[in-house]
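Structural overview for review
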Amino acid sequence: MNKEVLKRQFNTERPYRCVAQKLISENNSALVYKGRKDNKPIAIKLSRFSHGTRNLGRFYSQTEHLQSLHHPNILPIEDAGHILFSREQKRQEAVPFMTMEYASNGTVRQSSKQEGFTTEKALSHVDQVMEGLIYAHGTTLGDEVLHGDLKPDNFVIARDVTKLIDFKGGFQKGPGGISVKSNAWVIGTFSYMAPEVFCTDGIVASDIYAMGVVAYELVAGKLPILADKPDAQSWYAAHTRAEVSEINKLDENGKVDHIADAIFEPVLQAMSPNPKQRFASMAEFRHELKEAIDRGKYLSDKAITSLS
Ligand SMILES: Nc1ncnc2c1ncn2[C@@H]1O[C@H](COP(=O)(O)OP(=O)(O)OP(=O)(O)O)[C@@H](O)[C@H]1O
Ligand SMILES: [Mg+2]
């Protein structure tokens, strides 16, 4: 759907001062604008699909999840609805949208590109996101809510707090699931996707796997797993092999980064190709990560002490 027409339609239709201004992100399925409502900056996410198209389910499941989750590390939806849109004189179509607080510090990916991270800062982002996920996975509203697309582009920093956006997990992938032979039904981002997600719907363990990838990436500054080619099959093969090299990192003083070293073990467990070999819950992964960080700190302190 044409983005200029969609934006114009949004700005004409909304009954109150909610105006889309600057495009901050676009892909095949959604447009995200920085806008304002009553002089307050907001983020507006517009679907590129209208009613009756099956891709829309993804947008709805996201709106539904975000409306049911209330946690400091999950960015809430402020408003959601539809705009009516006439395409080429045909009957009107309803296009869904949602609005959220605008996170002026951008995403964790953007922040890491601009400033780079110390290991501690990286792990603070990971820890905050995990808190949101522990809540979502254990929500009492019925089935657990999975995220389904964990990556630093889907964590925003709003007033110094790291928050999850872009929940996809609960969406059913349609009859027969997906196939590694086709990208058609793949929801998520290949580089963070547990092997099972290439073949079937995600489970809690798939979010744990993705958080293992994220923790490694934010600390090491590079992805733990790379594929030979960018297609689903090659990524599936790479995740199934799970050949992950240790994190060799120096700290700010040019010494071995013991914390980066210490988290390798729990991260590797989270990234086991077999979901049964991962942690039983996100809470368990978080706990083990914290223990590893403490071990790393202890070794760092000892290294500093022995210098003086
Ligand atoms: N509330 C927000 N504040 C600031 N920037 C945002 C906000 N929401 C989204 N963005 C920006 O827009 C990008 C895309 O948003 P989002 O992840 O929700 O959608 P998407 O990944 O494009 O859509 P899809 O659901 O189709 O995968 C984010 O990575 C971020 O850069
Ligand atoms: Mg996203």
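The structure displayed is predicted, hence computed values, not measured ones.

We now examine the overall build of the protein. Counting its secondary structure elements, the protein contains 8 helices and 7 strands. Taking all contacts inside the protein whose residues are at least 6 apart in sequence as the whole, residues at least 24 apart take part in 61%.

Across the protein, the average pLDDT comes to 85, with 84% of residues at or above 70. Across residues 171–185, confidence stays below pLDDT 50; counting only partners more than four residues off in sequence or on other chains, it has 24 contacts.

Here the focus is unusual backbone geometry. For aspartate 166, which is not glycine, the phi torsion reads 65° and is therefore positive. Structurally, aspartate 166 can be placed in the loop between strand 7 (161–164) and helix 5 (204–220). Overall, aspartate 166 belongs to the buried group, with 20 C-beta atoms counted inside 10 Å. The backbone of alanine 242 sits at a positive phi, close to 45°, despite the residue not being glycine. Along the chain, the position of alanine 242 falls in the loop between helix 6 (232–241) and helix 7 (258–270). Residue classification places alanine 242 among the partly exposed residues on the basis of 16 C-beta atoms within 10 Å.

Looking now at the environment of aspartate 79. As for its position among the elements, aspartate 79 is in strand 4 (residues 77–86). Judged by local crowding, aspartate 79 falls into the partly exposed class, with 14 C-beta atoms found within 10 Å. Considered as a pair, aspartate 79 and methionine 98 are 19 residues apart in the sequence and their alpha carbons are 5.6 Å apart. Setting aside residues no more than four positions away along its own chain, aspartate 79 makes contact with Met98 and Thr99.

Next up on the list: the site of ligand 1. In the neighbourhood of ligand 1, 19 residues make up the surrounding shell, with Ser25, Val32, Ala43, Ala103 and Asp166 lying closest. Only strand 1 (18–26), strand 2 (30–37), strand 3 (40–47) and strand 5 (92–101) provide two or more residues apiece to the shell around ligand 1. Counted by class, the shell around ligand 1 contains 10 nonpolar, 5 polar and 4 charged residues. Looking at the shell around ligand 1, you find at least three residues from each of domain 1 (3–101) and domain 2 (108–307).

This paragraph deals with helix 4 (residues 119–137). With 19 residues, helix 4 extends 26 Å from end C-alpha to end C-alpha; this agrees with the ideal 27 Å at 1.5 Å per step. Of all the positions in helix 4, only Thr119, Ala122, Leu123, His125, Val126, Val129, Met130, Gly132, Leu133, Ala136 and His137 are classed as buried.

At a minimum axis distance of 8 Å, the contact between helix 5 and helix 7 shows a crossing angle of 155°. In terms of orientation, helix 5 lies roughly antiparallel with respect to helix 7. Judged by the twist between their axes, the crossing of helix 5 over helix 7 is left-handed. Taken together, the residues of helix 7 that come into contact with helix 5 (itself represented by Ile208, Tyr209, Met211, Gly212, Ala215, Tyr216, Val219 and Ala220) are Ala260, Ile263, Val267 and Ala270. Partitioned by chemical class, the residues of the contact of helix 5 with helix 7 number 11 nonpolar, 1 polar and no charged.

Moving on, we get to the nonpolar core. Within the largest apolar cluster, 74 residues are counted, with the highest numbers of intra-cluster contacts made by Ile208, Met211, Val214, Ala215, Val219 and Ile263. If one sorts the elements of this core by residue count, helix 5 sits on top with 13 residues. Two domains share this core, each providing at least three of its residues, namely domain 1 (3–101) and domain 2 (108–307). What isoleucine 208 contacts, discounting residues up to four positions off in sequence, is Ala270, Arg278, Phe279, Met282 and Phe285.

Let us look at the pairing of strand 2. As paired elements, strand 2 and strand 3 share 8 bridges and run antiparallel to each other. Looking at the pairing, lysine 37 lines up with lysine 40 of strand 3. The hairpin turn running from strand 2 into strand 3, its antiparallel successor, is 2 residues long, and aspartate 38 in that turn takes a positive phi close to 50°.

What counts, and where the lines are drawn
Once a new chain begins, its residue numbering starts again from 1 and follows that chain's sequence as written. Following the order in which they are written, the chains are lettered starting with A and the ligands numbered starting with 1. Predicted model: local features are reported for residues with pLDDT of at least 70 only, side-chain atom pairs are reported and counted for 80 or more only, and whole-chain, interface and lining totals are derived from all residues. A run of H or I in DSSP becomes a helix once it reaches four residues, and a run of E becomes a strand once it reaches two; helices and strands are each numbered from the N terminus. Contact definition: two residues whose C-beta atoms, as placed from backbone geometry, lie within 7 Å. The predictor attaches a confidence to each residue, and that confidence, scored 0 to 100, is pLDDT. Buried, partly exposed and exposed are defined by the number of other C-beta atoms within 10 Å of a residue's own C-beta, namely 20 or more, between the two limits, and 12 or fewer respectively, with C-beta atoms placed from the backbone. Note on definitions: a residue is near a molecule or strand provided its C-beta atom, placed from the backbone, lies within 6 Å of it. Residues are grouped as follows: Ala, Val, Leu, Ile, Met, Phe, Trp, Tyr, Cys and Pro are nonpolar; Asp, Glu, Lys and Arg are charged; every other residue, Gly included, is polar. All domain edges in this entry derive from an automatic or database-based domain assignment. Each residue after the first adds 1.5 Å to the expected span of a helix. Helix axes use the C-alpha atoms of the stretch in contact, all axes being lines fitted to C-alpha atoms, and the angles between their N-to-C directions lie in the range 0 to 180 degrees. Put simply, angles under 35 degrees are roughly parallel, angles over 145 are roughly antiparallel, angles from 65 to 115 are roughly perpendicular, and the rest are oblique. Crossing handedness is read from the near helix: turned anticlockwise from the far helix by less than a right angle, it gives a left-handed crossing, and turned clockwise, a right-handed one. Joining buried Ala, Val, Leu, Ile, Met, Phe, Trp, Tyr and Cys residues through C-beta atoms within 7 Å gives a set, and that set is a nonpolar core. By the convention used here, strands pair only if DSSP detects at least 2 bridges between them.

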